Amino acid sequence: MAKKKITIIGAGHVGATTAQLLAYKKLAHIHLVDVVEGLPQGKALDLMESAPLEDFDSQVTGSNKYEDTADSDIVIMTAGLARKPGMTREDLRDKNASIVKSCCAEVAKYSPNCFMIVVTNPLDTMTWIAKEASGLDKHRILGMAGVLDSTRFRFFIANELGVSNEDVHATVLGLHGEDMVPMPRFSSVAGIPITELLPKEKIDELVDRTRKGGGEIVTLLKTGSAFYAPAASIVNMVESIVLEKNRIIPAAAYLEGEYGIDGLFMGVPVKLNWSGIADIIELPLTDEESEALKKSAEAVKKSMSQLKI
Ligand code: TXD
């Protein structure tokens, strides 16, 4: 099978770590793009120079030009700004929205049939901007957050019970932020729901830590946000697409009536393969879970309606 071409926009922490994992897993040829001159070129060359040791034959290239992204099979959007002192969350959202908008318009010129994975925060709103700017069909664009949030939840559960991460599955729905909706009823260890294995207070504690998982890392790092687990989450999605795995993965998909929600991106379980989103899985929710999801959707709607770009 000929290697696919994956373009990563933004050669920062998440973009470059994703490139490294994709190259080491021999999944595709990779092209990095950034506004900073020399940054994508330097990171690409550094990564290529590890090829003899890591034994991969994918090409990793970097540039500041969208012409070089032509005919990409998958585009991963990580471009954005970090919050600076004095900048509100809203300022950052508006700045990132104009970056994502202009990058996606360029991407669509050269790869109109690509599959796009959006990573830039605020995730659910940026994925909507990316869809509008690129004109991609709703089956060909997703936001990455659910895999990351559920992976954090999995790790906390495995750690608490002292069992292998491999045996733990977890589901997190809703937006990427503190209004996300972790789902203990659909989270299990070797098929046993965690509600059978842990007391409610402990589950509430793990749910709360999952909701605040991104912030916990930011507080520790002080100068940036998480990138190892986010990059691994992106690669997990890419594997399901490139290797036609049909995995069921939580991701921000465009909803048109599913879960009673319409016209926005939010985290739900999707079936992913080479055609893109093959299906959106609708879980049977209790009234309380449904309410939490609606609250999440309201927060996304509010963020979308307040955008100034
Ligand atoms: O779960 C999730 N979705 C997330 C999202 C998990 C982790 C990080 N999350 C968000 O991803 C984070 O809040 C940011 O919005 C993005 C990227 O995070 P990263 O940690 O990689 O940020 P960096 O290291 O600052 O990298 C951003 C790069 C940097 O090199 C800039 O020069 C570049 O983006 N950038 C651009 N590239 C191309 N074009 C334009 N216009 C541009 N502007 C900035």
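Before reading further, recall that the structure is shown in the block above.
For the structure given in this document, a descriptive report is provided here. Please read all numbers here as calculations on a predicted model, not as lab measurements.

A few words now on the side chain of D94. Of note, D94 is situated in helix α4 (residues 89-110). The exposure class assigned to D94 is buried, which follows from its relative accessible area of 14%. The contact partners of D94, leaving out residues within four places of it in the chain, are Q306, L307, K308 and I309.

Our focus in this paragraph is the site of the ligand. Surrounding the ligand, one finds 24 residues, the nearest of these being H13, V14, D34, V119 and M144. N121 places a side-chain nitrogen or oxygen 3.1 Å from an oxygen atom of the ligand. Within the backbone of M144, an N or O atom sits 2.8 Å from a nitrogen atom of the ligand. Contact with the protein chains removes 85% of the 860 Å² of surface that the ligand exposes when unbound.

Attention now moves to the packing of helix α1 (residues 13-24) against helix α9 (residues 228-242). α9 packs onto α1 with a crossing angle of 50 degrees between their chain directions and a minimal axis gap of 9 Å. Judged by the angle between their axes, α1 and α9 are oblique. Seen along the crossing, α1 lies across α9 with a hand that is right-handed. Along its contact with α1, which presents V14, T17, T18, L21 and L22, the element α9 presents Y228, P230, A231, A232, I234, V235 and V238. Class assignment for the residues of the contact of α1 with α9 results in 10 nonpolar, 2 polar and no charged.

Quick notes on the rules
- Residues numbered from 1 in each chain as written.
- Predicted model: local features only at pLDDT ≥ 70, side-chain atom pairs only at ≥ 80, totals over all residues.
- Heavy atoms only, no water.
- Helix = DSSP H or I, 4+ residues; strand = E, 2+ residues; numbered from the N terminus.
- Buried < 20%, exposed > 50% of the residue type's maximum accessible area, 1.4 Å probe, protein only.
- Contact = heavy atoms within 4.5 Å.
- Near = heavy atom within 4 Å.
- Polar contact = N/O pair within 3.5 Å; in protein donor to acceptor, adjacent residues only side chain to side chain.
- Areas by Shrake-Rupley, 256 points an atom, 1.4 Å probe, with all protein chains shown as cover.
- Axes fitted to C-alpha atoms, helices over the stretch in contact; angles between N-to-C directions.
- Parallel < 35°, antiparallel > 145°, perpendicular 65-115°, else oblique.
- Left-handed = near helix turned anticlockwise from the far one by under 90°.
- Nonpolar A, V, L, I, M, F, W, Y, C, P; charged D, E, K, R; others polar.

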